[in-house]
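Here's the letter readout for the chains.
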Amino acid sequence: MAFCVYFFIFGHTNFMRNLLFIACTLFLLVTGTATASAAQHCDVQKGDSMWLIAKRYIVLFRDVLNLNKHFKNPHMIHPNDEVHLPDGSTGESTEDAGAGDSAPEESNGHTESSQAVEILNLVNQERSKNGLQPLTLSEKLTSIANTQAQDMASKNYFSHTSPTYGSPFDMLKRFGVSYSYAGENIAAGQRSATEVMNAWMNSSGHRANILNANYTQLGVGYTQGGSYGTEWVQLFIRP
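In this text the structure is predicted, and so the values were computed from the model without any measurement. (Residues numbered from 1 in each chain as written. Predicted model: local features only at pLDDT ≥ 70, side-chain atom pairs only at ≥ 80, totals over all residues. Heavy atoms only, no water.)

1. A closer look at the side chain of Asp151
Put simply, the rule reads: Secondary structure counts use DSSP, requiring at least four H or I residues in a row for a helix and at least two E residues in a row for a strand, with both numbered from the N terminus. The contact definition used throughout considers only heavy atoms, calling two residues in contact when any of these lie within 4.5 Å.
The residue Asp151 is located in helix H5 (residues 139-155) in this model. Setting aside residues up to four positions removed in sequence, Asp151 forms contacts with Tyr157, Ser162, Pro163, Thr164 and Tyr165.

2. Section: unusual backbone geometry
We apply this condition: Between buried and exposed lies partly exposed: a residue is buried under 20% and exposed over 50% of the maximum accessible area for its type, with that area taken using a 1.4 Å probe on protein chains only.
Positioned with a positive phi, Asn80 is a non-glycine residue whose angle comes to about 80°. You can call Asn80 exposed: its relative accessible area is 67%. In this structure, Asn156 takes a positive phi of about 55° despite not being glycine. Within the secondary structure, Asn156 sits in the loop between H5 and helix H6 (168-174).

3. Digging into the nonpolar core
Quick reminder of the rule: The set of buried Ala, Val, Leu, Ile, Met, Phe, Trp, Tyr and Cys residues whose side-chain atoms join them within 4.5 Å is what this entry labels a nonpolar core.
One finds Ile119, Met197, Trp200 and Ile210 to be the most contacted residues of the largest nonpolar core, which totals 20 residues. At the level of elements, helix H4 (110-129), helix H7 (193-201), strand E5 (217-225) and strand E6 (229-238) are the ones that each hand at least two residues to this core. Beyond its immediate sequence surroundings of up to four residues, Trp200 is in contact with Ile119, Asn185, Ile186, Ala187, His206, Arg207, Ile210, Trp232, Val233 and Gln234. Residues Tyr157, Tyr165, Phe175 and Leu235 belong to the second largest nonpolar core, which totals 16 residues.

4. Comments concerning the pattern of salt bridges
So the rule is basically this: Here, a salt bridge means any Lys or Arg side-chain nitrogen found within 4 Å of an Asp or Glu carboxyl oxygen.
Taken as a whole and assessed by the stated rule, the structure comprises three salt bridges. Residue Lys129 pairs with Glu126 through a salt bridge whose shortest N-O separation is 3.5 Å. Linking Lys129 with Glu126, this pair stays in helix H4, spanning three residues, or about one helical turn. Using a relative accessible area of 63% as the deciding quantity, one classes Lys129 as exposed. Put simply, Glu195 and Arg191 hold a salt bridge, and the shortest N to O gap is 3.4 Å.

5. Let's talk about the pairing of E5
Remark: a regular strand shows side chains that alternate across the two faces of the sheet. Applicable threshold: Strands are labelled as partners when DSSP assigns at least two bridges between them.
Sheet topology note: the strand E3 (residues 136-137)/E5 ladder contains two bridges and is parallel. The partner of Leu137 across the bridge, within E5, is Leu218. Summarising the sheet, E5 and E6 pair through nine bridges and their orientation is antiparallel. If you follow Gln224 over to E6, its bridge partner there is Thr230. Hairpin geometry of E5 and E6 is characterised by an intervening segment of three residues between the two adjacent antiparallel strands and by a positive phi of about 75° at Gly226.

6. Examining the confidence of the model for the protein chain
Basically, it comes down to this: Per-residue confidence from the predictor is reported as pLDDT, a score between 0 and 100.
Per-residue confidence for the protein chain averages 76 on the pLDDT scale, and 70% of its residues sit at or above 70. Scored below 50 in pLDDT, residues 19-38 makes ten contacts in the model with residues more than four places away or belonging to other chains. Under a pLDDT of 50 for its full length, residues 92-110 has, in the predicted model, 40 contacts with residues more than four places off or in other chains.

7. Focus: the packing of aromatic side chains
Our working rule: Each Phe, Tyr or Trp ring (for Trp, its six-membered ring) is paired with any other whose centre lies within 6.5 Å, and the angle between the two planes then decides the class: stacked below 30 degrees, edge-to-face above 60, tilted in between.
Applying the stated criterion across every chain yields a total of five aromatic pairs. Pairing Phe169 with Tyr179 gives two aromatic rings, centres 6.3 Å apart and planes at 40°, and the pair type is tilted. Of this pair, Phe169 sits in helix H6 while Tyr179 sits in the loop between H6 and strand E4 (181-188), placing them ten residues apart in sequence. Judged by relative accessible area, Phe169 falls into the partly exposed class, the value being 39%.

8. Details of the environment of Leu218
If you trace the backbone, Leu218 turns up in strand E5. For the pair formed by Leu218 and Ala182, sequence separation is 36 residues and the distance between their alpha carbons is 9.8 Å. With residues near it in sequence (within four places) discarded, Leu218 still touches Leu120, Val123, Leu135, Thr136, Leu137, Ser138, Leu141, Thr142, Gln234, Leu235 and Phe236.

9. So, the pairing of E4
Of all eight residues in E4, seven are buried; the element is thus mostly enclosed. Where E4 lies against E6, eight bridges are found, and the strand directions are antiparallel. Within E6, the position partnered with Ala188 by the bridge is Glu231.

10. Quick word on the sheet that holds E6
To keep it simple, the criterion reads: An axis is simply a line fitted to the C-alpha atoms; with a helix, the fit covers only the stretch in contact. Between two such axes, the angle follows the N-to-C directions and lies from 0 to 180 degrees.
Ordered in space as E3-E5-E6-E4, the four strands form an open sheet in which the pairing is mixed. At either end of the open sheet lies a strand with only one pairing partner, and these are E3 and E4. Docked against the sheet, H5 engages E3, E4, E5 and E6, running at close to 30° with respect to E5. Packing of H7 onto the sheet brings it into contact with E4 and E6, and relative to E6 it is tilted by some 60°.

Structure below.
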């Protein structure tokens, strides 16, 4: 916090009073500049999304969304747009999250991306057992799935139909995703990727989505919070 203390001493000349005023003014300007520089941001690069930026700067995806509500559609950002970042962002990193890093107790920027990679691997293991082609992880679908997971957590509901975005198919349309086949799995309360996959595979409807031969792409949403503690979303499509 910038502040300045004036000392009034009888007998000071006008010159001394002016000198004190100038010194305090310079102090405020310097302190104000330092404070303003603490606000961090990055310029959007070609192919960027909010999710990819959060992964690159090692911050939570939901924190990036919360700081950038000035975007009418956070999934439609363009090169040279300015995206605000949380204080303390560590800067760009080329390190990728390990697939085995799945503990939901983590509270760092790797958690969401590592959960997505681990669930993709588990899904493809199940598909391989059943003679099906593997799915590829879609960054855009993952961004949408994360938005759905965070919406459930922040508004404390558990449903395929969001009071904010509507059905999964409404969300796909809203965020510009075209598809010939689409489906969604959701879950809440599970503590790891393995635990939620076991729950989905033991439910006939969810299992059918995971083993649907029509799908080619997967998006994975994960967040902590809400009345269940964790929220999980799988979003499947075939373009």
